[in-house]
Structures are given as structure tokens and as C-alpha cells.
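Descriptive structure summary
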Amino acid sequence: MYRGVLEHYGHLLDLPAHTRPVSLLEGNTPLIPMPRLGKELGVELFVKFEGMNPTGSFKDRGMTAAISEAVGRGARTVICASTGNTAASAAAYAARAGSRAIVLIPEGKVAAGKLAGAVAYGAEVIQVQGSFDAALALVVEITQKTPIALVNSINPYRIEGQKTAAFEICDVLGRAPDWLCLPVGNAGNITAYWAGFKQYQKGLPRILGVQAQGAAPLVLGHPVENPETIATAIRIGKPARGEQALEAARESKGRIIAVSDEEILSAQKMLAGEGVWVEPASAAGIAGLMAEAGRGRRPEPVEGSGFEARGKTVVVVCTGHGLKDPSVVIESFQSPKVIPANYEALATVIGV
Ligand code: F0G
């Protein structure tokens, strides 16, 4: 029986002896082949669908580790700043452990499914009048002054847990892919994947990190004061692990690029068109790959010099489930038609 990432890969994770496993059987997510989209882009394409984790995002891999360590050393309260997914995950694992969870979110900028999750799992949800970055500064300060445990990805155990996604990909493919594409927000996940691939020694992918154009500090080379994007999960102007993200891109001979909100929505639609519905931020990875290929809404490939992933094995990490942010779809895809309850009306509307 599968028992979660700590049980499965714990021997490869650098966790203290006092760690006391708190698990919801996270991980073991599907690596889904995407033959249609792959053919269109000229690559062998897989989606690592992290939306299939217990709270609907990849955060659960790191949260099981961070909460297990915190509980093991006797911390009774955990806190995080979050654009939503970390909040829901921290809330769930704290509930599981019987601990108190406090989550700080940017006021009015968190998708409905995430906010509802955090509330449902019983966290104390506090809206901050400011960005994620301001909320993160607050939780860092309070955890320096009190025994409350910080469970953002500044916490090294979060990274340890999140490395397991790289291990799983290698276990399924038998080796690392040639390219790994993923969204970058606070830059914990790209850091964890790169550490995981380096440790596992099944080859190294080139990494394409993708930010939203309105929140692209790593592309611009400086913090963004007022980040803005429809992909609220990655609406971050000052990534805590920005340096490590740049290092992962550089060392892997990859890069970090930015895509527009339009490109993100169109990529979300493309993925859903092949049966995989992800939240907007989660579509940034595929949007980046499409931009590199000169597809979608861009007339020219990003680098202008050919598409380096052509013919290669590419894994796109889809970090969170589409159910997290339903309103974005209702607003930008299509509104269902309304008909009277009779056969004629149905036949007419579907054209038979
Ligand atoms: N995708 C989703 C769905 C996310 O929720 C996040 C981050 C990312 C990508 C980016 O990952 O921060 O490790 O670079 N969400 C955080 C949160 C910030 O609070 O839920 P990252």
C-alpha cells in the first residue's frame, strides 16, 4: 500500500530524527502523456499532474515534511503567507496533526477554491492589505519573535518534500526528461526539482521556468512592487528563492521566461482540450513551452533561433487543479446556453 512521500522516499530526504510523519498520502501523482499537444509542438510531452494531490496542489509534498518536522519538535502552531495553495495545504496538514494553522493571504486576490479549502480545514485565515510579498515579510518576522513554526518554502523541509516529484518522474520515465517546464512564483518548486534531479542521478533536464509577465522579477532582474496577473498563484514580486531559481536555470542550461495572461489562458484551454484542467498558474509551464516553440499567440519563438526542445522528452509540471479557480474559466471560456426543457429546443441548439 502506498503511504505518502515520507514513507516512500524518506530515506532520500534530509529530515531531522525528531520528525513525526503527518501524511494524507500525498504524491504518486500521474505522469500523463499528451500525444495531441505533443505532436503539435513536436515533442514527446507529459504532464506531471500535481493537482491530484490531496489538497489539489504540489504543496502537499513539502507540507507533509514541514508539518511533520514542526510537530516532531513540539511546535503547536504553524503559519504561512500564501497566494492560496500553501494556505490550503498547511491548513489540511495542521488539521491532520491537531495543530493550529494561521494563514495570511493577500486581500481579495486568492481564488475561491483555495480560500474555501483553508477555511474548510479550519485554519485562521487573515487577509492582508498588501501583496503576498508583504504577507511573507510579516510571517517571517513573527516566527523570528515567537515559537510559531514557519511553513513557507523558506523552510528547508518544504524543499526536501518537494524533491520527491523529481524522483517520481525519473521512476516513471526510467530517467530524467530532456526538458522540465514549470511555473515560478516564490521559486521554491524550481529549487526543489533541481535539487531532486541532481540528487537522484538519473540524468538532468534543462529547466524552463515560467513567470507571468506582470509578475516577472526573475526575468526583469529586479523586484516588482505591484505584481499583477490572472494567475494569482504566482502573483509574486520578490521571490524568496529567486537566486536559487536563477541558478537552476543557469546550471541546467535552461532559462526563465515570462508569458502574458493571454498566453496562460490559451495554454489552459489547450490542456483542458486534451482532458487536463489546471488552474491558470499551472498552465504557465505549457504556455512557456508554446512560446518557445513559436506557437500560440506569439509570431516568433522566444529566442528566435529555433526550438531546442524539438523531438525531445518534455515534462510540464501542472502544479494545481483547475477546480481551485473555477471563476476564471466561466469568465473566459464560454457561458453554457439555456434552453426550454423540450426535445425541439435541444435538437435545434445542438444542430441535429
Ligand atoms: N503553481 C501554483 C498552483 C502555485 O500555487 C504556486 C505557488 C506556484 C505554481 C509557484 O511555485 O512559489 O514554489 O515558485 N504558490 C504559493 C502559495 C506561493 O502560496 O500557494 P513556487
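Reference entry: report on the structure contained in this document. Every value quoted in this text rests on a predicted model; they were computed, and no experiment measured them.

A few words on the overall build of the protein. A count of helical and extended segments in the protein gives 15 helices and ten strands. Radius of gyration (C-alpha) of the protein: 20 Å, near the 20 Å computed for a compact globule of 352 residues. Projected onto its principal axes, the C-alpha coordinates of the protein cover approximately 65 × 50 × 45 Å. Within the protein, buried positions represent 57% of all 352 residues. For the protein, the accessible area works out to roughly 14800 Å², and carbon and sulfur atoms hold 53% of it. The average position of the 34 basic charges and that of the 33 acidic charges among the side chains of the protein differ by 3 Å.

Bringing the packing of helix H12 (residues 261-272) against helix H13 (residues 284-292) into the picture now. Two elements in contact, H12 and H13, have axes separated by 8 Å at closest approach and are oriented at 100°. It follows from the interaxial angle that H12 and H13 lie roughly perpendicular. On H13, the residues touching Glu263, Ile264, Ser266, Ala267, Met270 and Leu271 of H12 are Ala284, Ile286, Ala287, Met290 and Ala291. Here the residues of the contact of H12 with H13 are counted per class, giving nine nonpolar, one polar and one charged.

Lining the immediate environment of the ligand, one finds 20 residues, of which Ser82, Asn186, Ala187, Asn189 and Thr319 sit closest. Separating an oxygen atom of the ligand from a backbone N or O atom of Thr86 is a distance of 2.8 Å. A distance of 2.6 Å separates a nitrogen atom of the ligand from a polar atom in the side chain of Thr319. Contact with the protein chains removes 99% of the 470 Å² of surface that the ligand exposes when unbound. More than half of the atoms of the ligand fall within 2 Å of the grid points belonging to the largest cavity.

Bringing unusual backbone geometry into the picture now. A negative phi holds for most residues other than glycine; trans holds for most peptide bonds. A positive phi angle, near 75°, is found at Ala187, a position not held by glycine. Along the polypeptide, Ala187 turns up in the loop between strand S7 (179-183) and helix H9 (188-200). A positive phi angle is found at Gln201, which is not glycine, with a value near 55°. When you line up the elements, Gln201 lands in the loop between H9 and strand S8 (206-212).

Mapped onto the fold, Thr64 is located in helix H3 (residues 59-72). Judged by its relative accessible area of 0%, Thr64 is buried. Residues in contact with Thr64, not counting those within four places in the same chain, are Val5, Leu6, Val22, Ser23, Glu26 and Tyr93.

Another point: the sheet that holds strand S6 (residues 149-150). What the four strands build is an open sheet, ordered S5-S4-S3-S6; its pairing is parallel. The outermost strands of the open sheet, each flanked by one partner alone, are strand S5 (124-128) and S6. Across five bridges, the pairing between strand S3 (residues 77-81) and strand S4 (residues 100-106) is parallel. The residue of S4 that forms the bridge with Ala81 is Leu104. Packing against the sheet, helix H6 (residues 132-145) makes contact with S3, S4, S5 and S6, and its axis sits at approximately 150° to S3.

Cut-offs used in this document
Residues numbered from 1 in each chain as written. Predicted model: local features only at pLDDT ≥ 70, side-chain atom pairs only at ≥ 80, totals over all residues. Heavy atoms only, no water. Helix = DSSP H or I, 4+ residues; strand = E, 2+ residues; numbered from the N terminus. Rg over C-alpha atoms; globule rule 2.2 N^0.38 Å. Buried < 20%, exposed > 50% of the residue type's maximum accessible area, 1.4 Å probe, protein only. Areas by Shrake-Rupley, 256 points an atom, 1.4 Å probe, with all protein chains shown as cover. Lys, Arg positive; Asp, Glu negative; His and termini not counted. Charge placed at Lys NZ, Arg CZ, Asp CG, Glu CD. Axes fitted to C-alpha atoms, helices over the stretch in contact; angles between N-to-C directions. Parallel < 35°, antiparallel > 145°, perpendicular 65-115°, else oblique. Contact = heavy atoms within 4.5 Å. Nonpolar A, V, L, I, M, F, W, Y, C, P; charged D, E, K, R; others polar. Near = heavy atom within 4 Å. Polar contact = N/O pair within 3.5 Å; in protein donor to acceptor, adjacent residues only side chain to side chain. 1 Å grid on protein atoms, 1.4 Å probe; cavity = no way out; pocket = protein on both sides within 12 Å on 5 of 7 lines; lining within 4 Å. Sits in = over half its atoms within 2 Å of the grid points. Pairing = 2+ DSSP bridges.

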